[in-house]
Amino acid sequence: MAQTASTANQTATNPTGRPPSKSRAKYFFLSPAIFWILIFTIFPLLYAVYTSFFSFRFGRFNQFVGLENYRRLFTDPNLHSALRVTIIFVVVTVTVQMVLGFGLALLLNREMRGRSVLRAIMILPLFATPVAIGYLSITLFYEANGPINSVLRVFGYGDVPWLSNPFWALVAIMIIDIWQWTPFVFLVSLAGLQGLPIDLFEAADVDGATGWQKFWSMTLPLMAPTLWLILMLRLIEAFKVFDIPASLTLGGPGRATEVYSLFTYRTALRFFDHGYASAQGLLLLVIVSIIIAVLYGRIRGIYEVER
Amino acid sequence: MRRPMYLLLSVLVLASLILSACAPSTGAPAAPADGGATTTEGGPVVEEGQAATVVTAGELLPPIVAQPCEGEACFCKDKTVSVIVNTAGEKGPISGPFYEVRDEFEAATGAKLEVVEVPFAEHFPKLMTDMTTGTGQDDTSIAGAWWLGDLVGGDYIIPYDEYYNDTTGKYPKWEIEDVQSGPQDLLSYDGKKYMVANDHDGQVMYYRRDLLEDPAHQAAFKEKYGYDLKVPDTWQEFRDVAEYFDGKDLNGDGTPDDGLTMHLKVGGQGMFHFMSFAAPFVIGPDNPKLFWFDPETMAPLMDSPGHQKAMETLVDLIQFGPEAMMGWSLGEAWDHFLRGEAALTFTWGDLGALAQQEGSAVRGKTGSAPMPGTTEYYDVTAGEWKTVDGVNKVGNTTGGSWSGVISKFSDAPECTYYLLALMATKEKSIVYAYRGWDGVDPGRISHYLPPNGTNSIDGYVAAGWDAKDAEEYTNAYFGNFGAEQQFPYLRIPGTFEYWTALDIHLSEAATGQKTPEEALKATVDDFNQITDRLGRDLQDEIYKKSLDLQ
């Protein structure tokens, strides 16, 4: 033990015999992370800010336009439509995913036959590539003889206009998103549930607590930090949704499924209006940052109360 | 309590299994195996997964035209020509012929041919990135004609007049005069040649000849509408025929079929339907060129009474097609017709050729004719409706007319031109036009039958065509591209953005989210916003130049 300490001491001295400055060593070890963040996060962010002050023509910088691109954010009805669609999408899908995912986690957190197999099957959709699912869904939601309408017909329901009706098209992309991401909520919730202290629940059983009382007064409060975290992750991801509407409906009919990211993608890579697209990206960043700030505050609040 | 839980789980598991194990059922389009786009944004291009699925490609091959080179004659030795083309594979539309010609081209020039396939949606952005950064990665792009506004405006491609006029025999000879006036105009811009002829896009009307010639239908139709059942000449007649056949069993499978079929999905190129459809409502003898903008102010004309009437009429027609077509791209709409499930449609030449392929239910039954017209049009220059003698018909070149352009940054422009000229030779082009799967539609005198052209019915029949189908098909295209009045093709910077706006608002009108009037008003607002952003004066200047209005 003494030998090890001595070796460590030797390693920590430089040729001058003096120990290296603590602060310098700190920067040395931090430098890869700092460079990484500077190159891949800060620089693109600053470049996006810079770009947002310019107009583009033929895909090239054209002229400085000041805050014009930001002014357009407030006056562009097409952007507002995309934002409205996105908010509806986020609220519905994340709510359903949270309820369904947590519910399934509660269900599969108990002793039952085939539990392991069911758990494995439950998370399968997570492994699917969203854009591939989107293209496959063209077949699934095909209105004339698609499998889903065929099944519905067997049960006596008429053909649902999945892709030709504005309402149902939005429902279709919501269904796919819910199908794909509910397992994520399920998986993380299940991990959280399995980490709950069993002795507390056993004590509650001894005290004669009902299932509902245990859920409401123990499971839910104890799971709250985990659930807020899942909610935050899902909200961030849901706001960025792109693949499924891009591959299934291309934002149509009309603009019924044109989500924010798809709108920004078109602005940048279809119309080459990079300045406006950058401003849109920054707006989304602000929205998502506000969500993170609010939810982080909530999570921190829970921990402070617990302390 | 436990049973509902198991039920819920079973439903979720079933959903997983359906998604992973589902195979396309009859009538449902197959998703592309490579994950490529099944839907596109603009331009009549048919990609894998989007092409009609009920027919299969034939084996007809174009002849070898170029002789292998030796020594100094191999002027492209050690050079590589990179062609960027929409993803469709070796037997796919537009891309397929490049694989066929590769050996011949390489042997004749000493160059290597590299075919770069990109999904349609990525083609233009990738090309523009290559151009704006000046990397010269792509020597040629098989481009949509509407890209010229951006490509010429940005000075990214070079004219090929010098190569075309070469008399030394260095390049394969093809005749630009062989291309009919409509599509020929698209090959040049501001007096210079930029696109080497390949595809010739334009929409014509297709109808079920067997149905229109059926005596029982003829009698019933006459009784209902008071005039003879015939090939529709006006959009009103088109409506009557569509209405009459809608709901009847048209292919003998015991289920009701549709009066017409269209593709109206956002990004499914529905705006081209509107362009071809609306042309005779706006263009006429006293207004041959103004459809999009007022050249004095660059104010959009899209909400004129003529455009509104066209939009109202088109939206009215939708009731005679399947509701699902609001979510259809090209492939689904074509499949519907090829299965014999629709009496009418109007689309590109691909459909006429695909109808001849194995698997088609309408071979020998597919009639073709130029697009119907109107009896009056709204002259935007005079601000009034004008009645015409007879029928006001307008030819169109709507679509991409996918043809090669030469990059300014290419280090092998001569070799690139050689490749494009080789594929443009009459011998090859004729075979391309015979086949449906290669995406090359007819538009040359050498594609047409006498007395319109120099081809022969024997050639088409040998290529697998029904003689009557071929005759009507080629005559329809000759009539369309040779029409005295032509729909003014838009070729200014931002064309795709303008068309996307129209596409989206057309979809809104078609699905009842907006009235036709509101949809066109929204289109005008979007057009104005795009024009202001790109520079009204500059856009105006280019617009005038593109229409030769200066």
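The model shown is predicted, which means the values in this text are computed figures rather than measured ones.

Let's shift gears to the overall build of chain A. Helix and strand counts for chain A come out as 13 helices and two strands. By the compact-globule yardstick of 19 Å for 307 residues, chain A is too spread out, its C-alpha radius of gyration being 26 Å. Structurally, chain A occupies a C-alpha span of about 80 × 75 × 35 Å along its principal axes.

Regarding its fold elements, chain B presents 20 helices and 13 strands. Across the 550 residues of chain B, 58% fall into the buried class. Across chain B, every contact between residues at least 6 apart in sequence was considered, and the portion connecting residues at least 24 apart equals 77%.

This part covers the sheet that holds strand β7 (residues 204-208) of chain B. All names here are of chain B. The mixed open sheet is built from four strands, whose spatial order is β8-β9-β7-β10. At either margin of the open sheet sits one strand with a lone partner, and together these are β8 (258-260) and β10 (366-369). Going from strand to strand, the sheet's axes swing by 20° on average, the running direction of each strand aside. Judged from the four bridges that link them, β7 and β10 form a sheet pairing that is antiparallel. In the sheet register, R208 faces β10, and the bridge partner there is T366. Strand contacts of helix α17 (residues 467-481): β7 and β10, with the helix running at about 15° to β10, the strand carrying the most contacts.

Turning next to the domain arrangement of chain B. Size of an interface: often given as the accessible area lost when the parts come together. Residue and element names in this part refer to chain B. Domain annotation for chain B reports domain 1 (71-201 + 401-447) and domain 2 (204-396 + 487-546). Relative placement of domain 1 and domain 2: their C-alpha centres are 30 Å apart. The partner domain 2 presents 18 residues to the 17 residues of domain 1 that form the contact. Of all elements in the fold, only α4 (148-153) and α6 (181-187) reach the threshold of two or more residues within the side of domain 1 that touches domain 2. Among the elements that take part in the side of domain 1 that touches domain 2, α4 stands out by supplying four residues, more than any other. Of the residues that constitute the side of domain 1 that touches domain 2, the class distribution is seven nonpolar, five polar and five charged.

As a further point, take the pairing of strand β2 (residues 60-64) of chain A. Direction of pairing for strand β1 (residues 54-57) of chain A relative to β2 of chain A: antiparallel, over a ladder of four bridges. Directly across from F54 of chain A, in β2 of chain A, lies its bridge partner F64 of chain A.

A separate point is the pairing of strand β13 (residues 403-407) of chain B. Residues and elements named next belong to chain B. Where burial is concerned, most of β13 is hidden: five out of the five residues are buried. Here four bridges tie strand β3 (residues 140-143) to β13, and the two strands are oriented antiparallel to one another. If you follow S141 over to β13, its bridge partner there is V405. With two bridges joining them, strand β4 (residues 157-158) and β13 adopt antiparallel strand pairing. The residue of β13 that forms the bridge with I158 is I406.

Geometrically, the link from G252 of chain A to P253 of chain A is a cis peptide bond, its omega value of -5° lying close to zero. Locating P253 of chain A in the fold gives a position in the loop between α11 (243-248) and α12 (260-270). A cis amide bond links P450 of chain B with the next residue in sequence, P451 of chain B, at an omega value of 5°. The residue P451 of chain B is located in the loop between α15 (426-434) and α16 (457-462) in this model. One non-glycine residue, D78 of chain B, lies in positive phi territory at about 70°. Exposure remark for D78 of chain B: the 9 C-beta atoms within 10 Å place this residue in the exposed category.

Turning our eyes to something else, we now look at the nonpolar core. The biggest cluster of nonpolar side chains holds 206 residues, and the ones touching the most others in it are A172 of chain A together with A242, V282, A343, L344, L419 and A421 of chain B. Here this core gets 12 residues from one element, more than from any other, and that element is helix α8 (residues 166-194) of chain A. Formed jointly, this core draws a minimum of three residues from each of two domains, domain 1 (71-201 + 401-447) and domain 2 (204-396 + 487-546) of chain B. Setting aside its immediate chain neighbours within four residues, A343 of chain B contacts Y207, R208, L211, V241, A242, F245, L250, G259 and L260 of chain B.

For the rest of this paragraph, the subject is the confidence of the model for chain A. For chain A, per-residue confidence averages 90 on the pLDDT scale, and residues scoring 70 or more make up 92% of the total. Put simply, helix α1 (residues 2-11) of chain A is where chain A has its lowest mean pLDDT, 47, and helix α4 (residues 77-107) of chain A is where it has its highest, 97.

This paragraph deals with the sheet that holds β4 of chain B. Within a sheet, neighbouring strands are paired by backbone hydrogen bonds and run either parallel or antiparallel to one another. Residues and elements named next belong to chain B. A sheet is described by the order of its strands in space; here five strands give the open sequence β2-β1-β3-β13-β4, paired in mixed fashion. Bordering the open sheet on either side are β2 (112-118) and β4, each of which pairs with just one other strand. The pairing of strand β1 (residues 80-86) with β2 spans seven bridges and is classified as parallel. In the sheet register, S82 faces β2, and the bridge partner there is E114. The strands that helix α3 (residues 120-133) touches are β1, β2, β3 and β13; relative to β1, the one it contacts most, it runs at about 140°. Seen against the sheet, helix α14 (residues 413-424) touches β1, β2, β3, β4 and β13 and runs at an angle of roughly 175° to β13.

Here we take up helix α19 (residues 516-534) of chain B. In this model α19 of chain B runs 27 Å from its N-terminal to its C-terminal C-alpha over 19 residues, within 8% of the 27 Å that 1.5 Å per residue would give. Among the residues of α19 of chain B, those classed as buried are P516, A519, L520, A522, T523, D526, F527, I530, T531, R533 and L534 of chain B. Where α19 of chain B is buried, its residues meet β1 of chain A together with α11 (305-317), α18 (495-510) and α20 (536-546) of chain B. Downstream of α19 of chain B by a residue or two, G535 of chain B has a phi angle that is positive, lying close to 105°.

With that settled, the discussion passes to the packing of α11 of chain B against α19 of chain B. All names here are of chain B. Relative orientation of the contacting elements α11 and α19 amounts to 125°, with a least axis distance of 9 Å. Here α11 is positioned oblique relative to α19, judged by the angle of their axes. The hand of the α11/α19 crossing is right-handed. Contacts between α11 and α19 pair H307, Q308, M311, E312 and V315 from the former with P516, E517, A519 and L520 from the latter. In terms of residue class, the contact of α11 with α19 is built from five nonpolar, two polar and two charged.

What follows is about the environment of R110 of chain A. Residues and elements named next belong to chain A. With respect to the helices and strands, R110 occurs in the loop between α4 and α5 (115-122). Classification of R110 by C-beta neighbours within 10 Å gives exposed; the count is 10. Sequence separation between R110 and Q194 is 84 residues, and the spatial gap between their C-alpha atoms is 9.8 Å.

Okay, the packing of helix α6 (residues 130-140) of chain A against α8 of chain A next. Residues and elements named next belong to chain A. The N-to-C vectors of α6 and α8 enclose an angle of 135°; their axes lie 11 Å apart at closest approach. With respect to each other, α6 and α8 are oriented oblique. Handedness of the crossing formed by α6 with α8: right-handed. When α6 is examined against α8, the residues P130, I133 and S137 are found in contact with a partner set consisting of A172, I176 and Q180. For the contact of α6 with α8, a count of residues per class yields four nonpolar, two polar and no charged.

Criteria and thresholds
- Residues numbered from 1 in each chain as written.
- Chains lettered and ligands numbered in written order.
- Predicted model: local features only at pLDDT ≥ 70, side-chain atom pairs only at ≥ 80, totals over all residues.
- Helix = DSSP H or I, 4+ residues; strand = E, 2+ residues; numbered from the N terminus.
- Rg over C-alpha atoms; globule rule 2.2 N^0.38 Å.
- Buried ≥ 20, exposed ≤ 12 C-beta atoms within 10 Å, placed from the backbone.
- Contact = placed C-beta atoms within 7 Å.
- Pairing = 2+ DSSP bridges.
- Axes fitted to C-alpha atoms, helices over the stretch in contact; angles between N-to-C directions.
- Domains from an automatic or database assignment.
- Nonpolar A, V, L, I, M, F, W, Y, C, P; charged D, E, K, R; others polar.
- Core = buried A, V, L, I, M, F, W, Y, C linked by C-beta atoms within 7 Å.
- pLDDT = per-residue confidence, 0-100.
- Expected span 1.5 Å × (residues − 1).
- Parallel < 35°, antiparallel > 145°, perpendicular 65-115°, else oblique.
- Left-handed = near helix turned anticlockwise from the far one by under 90°.

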